Amino acid sequence: MTLSKIDLYKEVTQQAQALMAGEKDLIANLANLSALMYMRLPELNWAGFYLLKDQELVLGPFQGKPACIRIPLGRGVCGTAAQTGVAQCIQDVHAFDGHIACDAESNAEAVLPVYQNTKILGVMDLDSPQIGRFDQDDMIGLQNLVNILQDAIA
Ligand code: SME
C-alpha cells in the first residue's frame, strides 16, 4: 500500500523524532536527517544542509551527488532562503533568477532556513528531477522536520 503524502510525512516525522531524541550533536543530527529524507521521500536526487559561515553557505552533511561547496549569502535558492529567512518552494529552478545548478538533473527545489536558538544556522535543501515536485504539503512536512532538528540542537 502506498502511503498518502501526509501519512508519509507523519511516519518520517516520528522517525526523525526517534533519531534525534536527546541528541544535541549538530553534525550527527544533520547527517541522520539527510539520510532519512533521502531514503523515505520519493523523487529526490539530493537532500542535505548548507551551514552559514562568514556570510557564506558552506556544504554540510548531505545525501546525493557531490555538490557546490560555497554559496554566497543571497545567491541562488539556498542563499535567498538564508538571507531572507523565508522558505523557498521552487517548481522549476530554471525559471529562478540566479539558481545555482550543481546537478543538471535537478528541476525542482525546496529550501528551508534552519535556526539554532534565534540565530540562522544555515538551510535544509532538497532537489528533485521532477518539475513541481514540492507542494504546500511538502513544505509543511519539511518545516516539521526542521522544527524537530531545531529543538534537538537548541
Ligand atoms: N541549487 C542550489 C544550490 C545547491 S544544490 O542544489 C545542492 C541553489 O540554487 O542554491
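It should be noted that the structure appears before, not after, this text.
The shown structure was predicted, so the numbers you read here are calculated from the model rather than taken from an experiment.

K.L.:
Please clarify how the site of the ligand should be interpreted in this entry.
P.N.:
If you check the shell around the ligand, you find 13 residues, and the closest are V77, C78, I100, E109 and D127. In this structure, an oxygen atom belonging to the ligand sits 2.8 Å away from a main-chain N or O atom of C78. Within the side chain of H99, an N or O atom sits 3.5 Å from a nitrogen atom of the ligand. Protein burial of the ligand: of its 310 Å² of free accessible surface, 98% is covered by the chains. Elements represented by at least two residues in the shell around the ligand include exactly β1 (46–53), α3 (76–84) and β6 (119–128). Of the residues in the shell around the ligand, the class split is eight nonpolar, two polar and three charged.

K.L.:
Even after reading the chapter, I still don't get unusual backbone geometry, so can you show me in this structure?
P.N.:
In terms of backbone geometry, most residues other than glycine have negative phi values and most peptide bonds are trans. Despite not being glycine, Q55 has its phi angle at roughly 65°, a positive value. Locating Q55 in the fold gives a position in the loop between β1 and β2 (56–64). You can call Q55 exposed: its relative accessible area is 57%. If you check the backbone angles, N117 has positive phi at about 60° while not being a glycine. For N117, the location among the structural elements is in the loop between β5 (108–116) and β6.

Parameters and conventions
Residues numbered from 1 in each chain as written. Predicted model: local features only at pLDDT ≥ 70, side-chain atom pairs only at ≥ 80, totals over all residues. Heavy atoms only, no water. Near = heavy atom within 4 Å. Polar contact = N/O pair within 3.5 Å; in protein donor to acceptor, adjacent residues only side chain to side chain. Areas by Shrake-Rupley, 256 points an atom, 1.4 Å probe, with all protein chains shown as cover. Helix = DSSP H or I, 4+ residues; strand = E, 2+ residues; numbered from the N terminus. Nonpolar A, V, L, I, M, F, W, Y, C, P; charged D, E, K, R; others polar. Buried < 20%, exposed > 50% of the residue type's maximum accessible area, 1.4 Å probe, protein only.

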